[in-house]
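# Structure assessment
Here is what each chain is made of, one letter per residue.
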Amino acid sequence: MRVVIQKDFLSMSKWAAKLIADRINEFNPTPDRPFVLGLPTGSTPVGTYKELVALHKEGYVSFKHVFTFNMDEYVGLESDHPQSYHTFMWENLFNHIDIKKEHVHIPDGTAKDLEAEALRYEEVIKAVGGIHLFLGGVGGDGHIAFNEPYSSFDSRTRVVTLTEHTRRANSRFFENKIDLVPRHALTVGVKTVMSAKEVMILISGANKAQALHAAVEGPITQAWPISTLQLHKEAIVVCDEAACGELKVSTYNYFKALEEALV
């Protein structure tokens, strides 16, 4: 595991965006050989998306031959709903880059048969050869995508029931009214994320300190879904200083020294 500690949210967002752009450029995607990118929603990746847009406008990276697969979508929200993840992604990223609409994949939370939609989503990922880089965030309770604590590490895309903790955290997007937050979502599974060739998790803020500890130092347990990251051979955690409050001093110093040696 690689842990990259940056001084603040802006710095970590710039670092993560540069790595994504570099991975795309190194791959040199073509129409017949696209780069496949997994993407999250939420507050944390907004900074990274802003920096990716800037890199694109500078001419540093193109998304013309990039396929994207989003982690999740609320059940019951139309794609044009202000709080749907479809709307979020187009407003924060897709409308500002040269990605083709047909290359964007987001689960359909309004599908008549949600189980069939989940199976279809997994099959499309498989059909394009799997995900090269999966970007993700983490909840304060360690959930990744909408895989709540005690989700199976073997889980794939499916319908899940959201905990009160998650719904309360997300109520800030719904007029701070928890009753407006959907109770169910379609989400990729833990195994869907961990099957990517590379996984990069963004962790920012003191309220995510326990999650960072679980990701890096904690035991591997379904109580903290993020802890499965320790088993991935190409895992990167990008965090800010504020999120490091629960790390051992020796752990903090170890990863800081490793990154300084790479400069």
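Structure report, in brief. By convention here, each chain's residues receive numbers from 1 onward along its written sequence. Note on the predicted model: pLDDT of at least 70 is required for a residue's local features to be given, and 80 or more for side-chain atom pairs to be given and counted; whole-chain, interface and lining totals, by contrast, use all residues. In computing side-chain properties, one takes all heavy atoms of the structure into account and sets aside hydrogens as well as water.

### With respect to the overall build of the protein chain
To be explicit about the condition: Per the convention used, a helix needs a DSSP run of H or I reaching at least four residues, while a strand needs a run of E reaching at least two, with both numbered from the N terminus. Throughout, exposure labels follow a simple rule: accessible area from a 1.4 Å probe, protein chains only, divided by the maximum for the residue type, with under 20% read as buried, over 50% as exposed, and the rest as partly exposed. We call two residues in contact when some of their heavy atoms are within 4.5 Å. Only the protein chains shown count as cover for residues, and all accessible areas are computed by the Shrake-Rupley method using a 1.4 Å probe. Charge counting follows a simple rule: Lys and Arg are positive, Asp and Glu are negative, and His as well as the terminal groups are ignored. Here the site of a charge means atom NZ of a Lys, CZ of an Arg, CG of an Asp or CD of a Glu.
A tally of helices and strands in the protein chain yields 8 helices and 10 strands. Within the protein chain, the fraction of its 263 residues that count as buried is 56%. Taking as baseline every contact in the protein chain between residues at least 6 positions apart, the subset at least 24 positions apart corresponds to 78%. Roughly 12100 Å² of accessible area belongs to the protein chain as shown, and the carbon and sulfur atoms make up 51% of that amount. Within the protein chain, the 33 negative side-chain charges are centred at a point lying 2 Å from the centre of the 27 positive side-chain charges.

### A closer look at unusual backbone geometry
One non-glycine residue, Ala145, lies in positive phi territory at about 50°. Summarising the element assignment, Ala145 is placed in the loop between strand 6 (133-136) and strand 7 (158-161). A positive phi is found at Asn176, a non-glycine position, where the angle reads about 60°.

### Some details on the sheet that holds strand 7
Applied cut-off: Paired strands, in this sense, are two strands between which DSSP finds at least two bridges. Axis angles are defined between N-to-C directions and span 0 to 180 degrees, where every axis is a line fitted to C-alpha atoms and, for a helix, only to the segment in contact.
The sheet built from 3 strands is open, its strands ordered 4-8-7 with antiparallel pairing. Both edges of this open sheet fall to strand 4 (72-74) and strand 7, since each of them pairs with a single strand only. Mean inter-strand twist for the sheet, computed between neighbouring axes without regard to direction, equals 30°.

### A few points about the sheet that holds strand 9 (residues 198-203)
Reading across from one edge, 1-10-9-6-2-3-5 is the order of the 7 strands in this open sheet, with parallel pairing throughout. Looking at which strands have only one partner, the edges of the open sheet turn out to be strand 1 (2-6) and strand 5 (104-105). Sheet contacts for helix 4 (residues 114-127): strand 3 (66-70) and strand 5; angle to strand 3, the most-contacted strand, approximately 155°.

### Considerations on the pairing of strand 9
The cut-off we apply is this: When the strands point away from the viewer and the path from the first strand over the helix to the second turns clockwise, the crossover is right-handed.
In terms of residue burial, strand 9 counts as a mostly covered element, since 6 of its 6 residues are buried. Burial of strand 9 is two-sided: the residues Glu198, Met200 and Leu202 facing one way and the residues Val199, Ile201 and Ile203 facing the other way are all buried. In terms of strand pairing, strand 9 meets strand 10 (residues 235-240) through 5 bridges, oriented parallel. What sits directly across from Val199, in strand 10, is Ala235. Handedness of the β-α-β unit built from strand 9, helix 7 (residues 209-216) and strand 10 comes out right-handed.

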